[in-house]
Amino acid sequence: MSSEVRTFTVGPDDDDIRLDRWFKRHLPDISFAQVSRWARTGQLRVDGKRAAPGDRIAAGQSIRVPPAEPPAPAAAKPKRERAPLSEDQIAFAQELVIHRDPQALVINKPPGLATQGGTKTHEHVDGLLDALQFDADSRPKLVHRLDKDTSGALLLARTSRAAAFFGKSFSSRTARKVYWALIAGVPSIEDGFIELPLAKQPGTGGEKMHVDEKEGLPARTRYRVIERAGNRAAWVELQPFTGRTHQLRVHMAAIGHPIVGDGKYGGQDAFLTGGISRKMHLHARRIRIEHPDGGRLDVTAEPPAHIAESFETLGFDPAVGDVPLDEVKFSETPEGKRRAASAAAKARRKERKGERRGRGRG
């Protein structure tokens, strides 16, 4: 802990983040309670002015940090160290990379590899990120996830600025994700939307979702049939317009066409005979998202061997799979609608204020 006043300059990667978040990134030993005390007593300053923990800061601003109070003696906690990766693990992780630029990486995640760890999950993408640092200052960051048995394009941010930027794109629904799936049977409507609210299924410990018209959160999926194998199966393109857990799997099962290999939601109906693999046939084919440095990031991932083999067995032509994406206007996204409503409310308040002033002059 320093006994002197220190001054820091906000870097480009910290532009537009909260002041308390800046402390967590750069001075993690200083607690939120300490930062709040400094703010209340006027000791915490940004460009010479009093600042609060929730204030947003901009690149180039100056942060004045007062001397830190000595911490109360406490039992030292052992620091958790990540085990170093083997040469095989490093080679495996780097072979997954299908796009790399200064702000982003995209990997083609294989089926069976979890995105993050858990109680019984020790092999996961998060555990391999040290191998994907390359020439960056730190290891990349996860900004979204794929289910363990779902393969395909997974975006990673290489800087804090990119992580914040991509996070906003996902939360505002401007990012587009396209999945390929093999489903049992063929929908009677070949291009449609599924709008069924989803919630955690009671009694499953949060491990399973179900359609819940009363308590569920809104969920919307578009599906398009690309090819069909008689009435036995269909290759579909799926686009989630919301990001609920297991959304695509639950929605397809709910309309009577479970994803092949998804016994969790489709039961025995999710498995086909005739040499078709029993593995999950759900693949994140494409991700398109605005890039922090301008323009768009648009990457496609090749399907894993078991899906490619099933397509060949059923006579599907992979060349016809990439259907053009419809453009989604920002004004039609939840964030766009929220901003429009906010602007309209502000305009109404301004109009009412003008009317009151007019009456006062009269």
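This one's a predicted model, so the numbers in the text were calculated from it and none came from an experiment. (Residues numbered from 1 in each chain as written. Predicted model: local features only at pLDDT ≥ 70, side-chain atom pairs only at ≥ 80, totals over all residues. Heavy atoms only, no water.)

Asker: Any chance you could explain the overall build of the chain here in plain terms?
Answerer: Across its full length, the chain holds eight helices and 16 strands. Residue burial in the chain is summarised as follows: out of 362 residues, 42% are buried. Within the chain, counting contacts between residues at least 6 apart in sequence, those at least 24 apart form 64% of the total. Total accessible area on the chain is roughly 20,300 Å²; 49% of this is exposed by carbon and sulfur atoms. (Helix = DSSP H or I, 4+ residues; strand = E, 2+ residues; numbered from the N terminus. Buried < 20%, exposed > 50% of the residue type's maximum accessible area, 1.4 Å probe, protein only. Contact = heavy atoms within 4.5 Å. Areas by Shrake-Rupley, 256 points an atom, 1.4 Å probe, with all protein chains shown as cover.)

Asker: Before we go on, may I ask you to explain the layout of surface pockets in this structure?
Answerer: The space that makes up the second largest pocket amounts to roughly 490 Å³. Together, 19 residues line the second largest pocket, and R145, D147, K148, E207 and H246 are the ones closest to its centre. (1 Å grid on protein atoms, 1.4 Å probe; cavity = no way out; pocket = protein on both sides within 12 Å on 5 of 7 lines; lining within 4 Å. Points joined across faces, edges and corners; volume = space filled by probe spheres on them.)

Asker: How should the pattern of salt bridges be read in this particular structure?
Answerer: Oppositely charged side chains can form a pair if their charged atoms are brought close together. This model, assessed by the stated rule, comprises 19 salt bridges. Between D20 and R18 there is a salt bridge, with the nearest N and O atoms lying 2.8 Å from each other. Given the relative accessible area of 36%, R18 is considered partly exposed. The residue E290 makes a salt bridge to R296 at a minimum N-O spacing of 3.2 Å. Using a relative accessible area of 35% as the deciding quantity, one classes E290 as partly exposed. Accessibility expressed as a relative area gives 44% for R296, which makes it partly exposed. Counted as one network, the salt bridges with shared partners bring together R145, D147, R249 and D262. (Salt bridge = Lys/Arg side-chain N within 4 Å of Asp/Glu carboxyl O.)

Asker: Mind showing me how you'd approach the UniProt feature "active site" (unreviewed entry) in the chain here?
Answerer: The feature "active site" (unreviewed entry), as annotated in UniProt, sits at D147 in this numbering. Topologically, D147 is positioned in the loop between strand 7 (141-142) and strand 8 (151-157). Looking at D147, the relative accessible area reads 15%, which means it is buried. (UniProt positions renumbered as here; feature names shortened; annotations may be inferred.)

Asker: Looking at this structure, how should I read empty space enclosed by the protein?
Answerer: Here the idea is plain: a probe the size of a water molecule rolls over the atoms and shows the empty space left. Throughout the structure, instances matching the rule amount to one cavity of 30 Å³ or more. Approximately 50 Å³ is the volume attributed to the largest cavity. V178, W180, E237, R285, R286, G321, D322, V323 and L325 together form the lining of the largest cavity. Broken down by secondary-structure element, the contributors of at least two residues to the lining of the largest cavity are strand 9 (176-184) and strand 15 (282-290). A class-by-class count of the residues in the lining of the largest cavity yields four nonpolar, one polar and four charged. (Nonpolar A, V, L, I, M, F, W, Y, C, P; charged D, E, K, R; others polar.)

Asker: Would you take a moment to explain the pairing of strand 10 (residues 191-195) for this structure?
Answerer: Every other side chain in a regular strand lies on the same face of the sheet, so the side chains alternate between the two faces. Only one face of strand 10 is buried: it carries G192 and I194, and the other face, with D191, F193 and E195, is open. Sheet topology note: the strand 10/strand 13 (residues 220-229) ladder contains five bridges and is antiparallel. Paired with I194 across the bridge in strand 13 is T221. (Pairing = 2+ DSSP bridges.)

Asker: Would you explain the sheet that holds strand 1 (residues 6-9) in this entry?
Answerer: Sheet strands pair via backbone hydrogen bonds, and the direction of the pair is either parallel or antiparallel. Here we have four strands laid out as an open sheet, ordered 1-4-2-3, and antiparallel in their pairing. In the strand order of this sheet, the two ends are held by strand 1 and strand 3 (49-50), each with one partner. The pairing of strand 2 (residues 45-46) with strand 4 (residues 62-65) spans two bridges and is classified as antiparallel. When the bridges of strand 4 are listed, R45 appears paired with R64.

Asker: For this particular structure, what's the right way to read the pairing of strand 5 (residues 97-100)?
Answerer: Inspection of the sheet shows strand 5 paired to strand 6 (residues 104-109) by three bridges, in the antiparallel sense. Each bridged residue has a counterpart across the sheet, and for V97 the counterpart in strand 6 is I107. The loop that links strand 5 with its antiparallel partner strand 6 comprises three residues.

Asker: What's the story with the packing of aromatic side chains in this structure? I'm lost.
Answerer: Any two aromatic rings considered together are summarised by their centre-to-centre distance and by the angle between their planes. If you walk through the whole model with that rule in mind, you get 10 aromatic pairs. Pairing F8 with W22 gives two aromatic rings, centres 5.3 Å apart and planes at 65°, and the pair type is edge-to-face. Note that F8 is positioned in strand 1 and W22 in helix 1 (residues 19-26), a separation of 14 residues in sequence. With a centroid separation of 5.0 Å and an interplanar angle of 80°, the aromatic rings of W180 and W235 are classed as edge-to-face. Placement of the pair is W180 in strand 9 and W235 in strand 14 (residues 233-240), with a sequence separation of 55 residues. Judged by relative accessible area, which is 3%, W180 ranks as buried. Every member of this aromatic cluster is reached through a ring pair, and the members are F8, W22, F23 and W38. One Lys or Arg, R100, reaches over the ring of F134 and ends 4.0 Å from the middle of that ring. (Phe/Tyr/Trp six-rings, centres within 6.5 Å; stacked < 30°, edge-to-face > 60°. Lys NZ or Arg CZ within 6 Å of the ring centre and 35° of its normal.)

Asker: Please explain the nonpolar core as it appears in this structure.
Answerer: The nonpolar side chains of a soluble globular protein tend to be buried, and buried together. Counting 31 residues, the largest nonpolar core has L238, I259 and L282 as the members making the most contacts within it. Every element with two or more residues in this core is listed here: strand 6, strand 8, strand 9, strand 13, strand 14, helix 5 (247-254) and strand 15. Look past the residues within four positions of L238 in its chain and what remains in contact with it is K177, V178, Y179, A181, R222, Y223, L248, M252, I259 and L282. If you look at the next biggest cluster of nonpolar residues, it comprises 17 residues, including V10, L27, W38 and L44. (Core = buried A, V, L, I, M, F, W, Y, C linked by side-chain atoms within 4.5 Å.)

Asker: Mind showing me how you'd approach a positive patch on the surface here?
Answerer: A contiguous patch of positive charge, built from K346, R348, R349, K350 and R352, is present on the exposed surface. Relative to the helices and strands, K346 is located in helix 8 (residues 334-361). Under the relative-accessibility criterion, K346 is labelled exposed at 59%. (Patch = residues over 30% accessible without salt bridge, like charges linked within 9 Å, V, L, I, M, F, W, Y side chains within 5 Å. Lys, Arg positive; Asp, Glu negative; His and termini not counted. Charge placed at Lys NZ, Arg CZ, Asp CG, Glu CD.)

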